[in-house]
Amino acid sequence: RSLRNVMRGHSKLERISLQHMQLSASTTRILSQGLKANKRARSSLPLKLVLQELELRDSDEEEVDAVACLAEGLAENKTVGSLELRSVPLSDRRLASIITSLVGHPTLLELLIYDGNVEETYPQFHVALQKLLAFPSCKLLDLDLSDQDHFFDFANDSGLAWLVRGLRQTHSLTSLDFSDNPFDQCNLR
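Residues numbered from 1 in each chain as written. Predicted model: local features only at pLDDT ≥ 70, side-chain atom pairs only at ≥ 80, totals over all residues. Heavy atoms only, no water.

1. Some details on empty space enclosed by the protein
In step 1: For the structure shown, the criterion picks out two cavities of 30 Å³ or more.
In step 2: The calculated volume of the second largest cavity comes to roughly 50 Å³.
In step 3: Looking at the lining of the second largest cavity residue by residue, the class counts come to five nonpolar, two polar and one charged. (1 Å grid on protein atoms, 1.4 Å probe; cavity = no way out; pocket = protein on both sides within 12 Å on 5 of 7 lines; lining within 4 Å. Points joined across faces, edges and corners; volume = space filled by probe spheres on them. Nonpolar A, V, L, I, M, F, W, Y, C, P; charged D, E, K, R; others polar.)

2. Quick word on the side chain of Thr170
In step 1: Note that Thr170 resides in the loop between α6 (158-169) and β6 (175-177).
In step 2: When its relative accessible area of 12% is taken as the criterion, Thr170 is described as buried.
In step 3: A polar contact of 3.5 Å, which involves the side chain of Thr170, links it to the backbone oxygen of Leu133.
In step 4: The residues contacting Thr170, other than those within four sequence positions of it, are Leu133 and Cys138. (Helix = DSSP H or I, 4+ residues; strand = E, 2+ residues; numbered from the N terminus. Buried < 20%, exposed > 50% of the residue type's maximum accessible area, 1.4 Å probe, protein only. Polar contact = N/O pair within 3.5 Å; in protein donor to acceptor, adjacent residues only side chain to side chain. Contact = heavy atoms within 4.5 Å.)

3. Some points on the nonpolar core
In step 1: In this structure, Leu56, Leu74, Leu83, Leu85 and Leu111 are the most contacted members of the largest nonpolar core, which totals 39 residues.
In step 2: Once residues lying within four places of it in the same chain are set aside, the contact partners of Leu85 are Leu51, Leu90, Leu95, Ile98, Leu112, Ile113 and Tyr114. (Core = buried A, V, L, I, M, F, W, Y, C linked by side-chain atoms within 4.5 Å.)

4. Quick look at helix α5 (residues 123-134)
In step 1: Given a rise of 1.5 Å per residue, twelve residues ought to cover 16 Å, and the 17 Å separating the end C-alpha atoms of α5 matches this to within 8%.
In step 2: Where α5 is concerned, the buried positions are Phe125, His126, Ala128, Leu129, Gln130, Leu132 and Leu133. (Expected span 1.5 Å × (residues − 1).)

5. Considering the side chain of Ser146
In step 1: Assignment of secondary structure puts Ser146 in the loop between β5 (142-144) and α6.
In step 2: In terms of polar contacts, Ser146 uses its side chain to reach the side chain of Asp144, at 2.6 Å.

6. Here we look at the environment of Gln19
In step 1: Topologically, Gln19 is positioned in strand β1 (residues 15-23).
In step 2: Classification of Gln19 as partly exposed rests on a relative accessible area of 28%.
In step 3: For Gln19 and Ser87, which are 68 residues apart along the polypeptide, the C-alpha to C-alpha distance reads 9.7 Å.
In step 4: When neighbours within four sequence positions are excluded, Gln19 is seen to be in contact with Val50, Gln52 and Leu54.
In step 5: A polar side-chain atom of Gln19 sits 2.6 Å from a polar atom in the side chain of Ser17.

What follows is the structure in structure tokens.
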């Protein structure tokens, strides 16, 4: 209830940080509703949303997908300037849905997705990231993909190829961080 009240009536809200917790589907729905309501806020400063070491829990009883709720809220929000996902375990499909919700976002300047926890490759994420970067009105300045052991299929460079395609089409990016990734010389040629 407190989260709902804060999100609903705060036009000067600059930062929301949710760290080291489990978010139920109903709580994620409240966050999503707050993000949707915040799209009409008159704040001149973009919102920074920090999600760190979270477990987003679906509701089987209500058939609610917590990540889908979050993606829906992000898609309708027009004030998020920064999204940080750190140590939030997400499948490829779920991470792709979050990134897809940001395509064409008018104020997103910073996207930080680091310290991934899922041990799989991410083909849907790669396509979504390329679309985000290639979108004509993309304003993204800072992209941090550091410490990702499994975001890219380094054996055949497929994930890196998707990223490179998106980078070739973006004109706004000024900072790209690949720190602590398992690159070798053949990946960077």
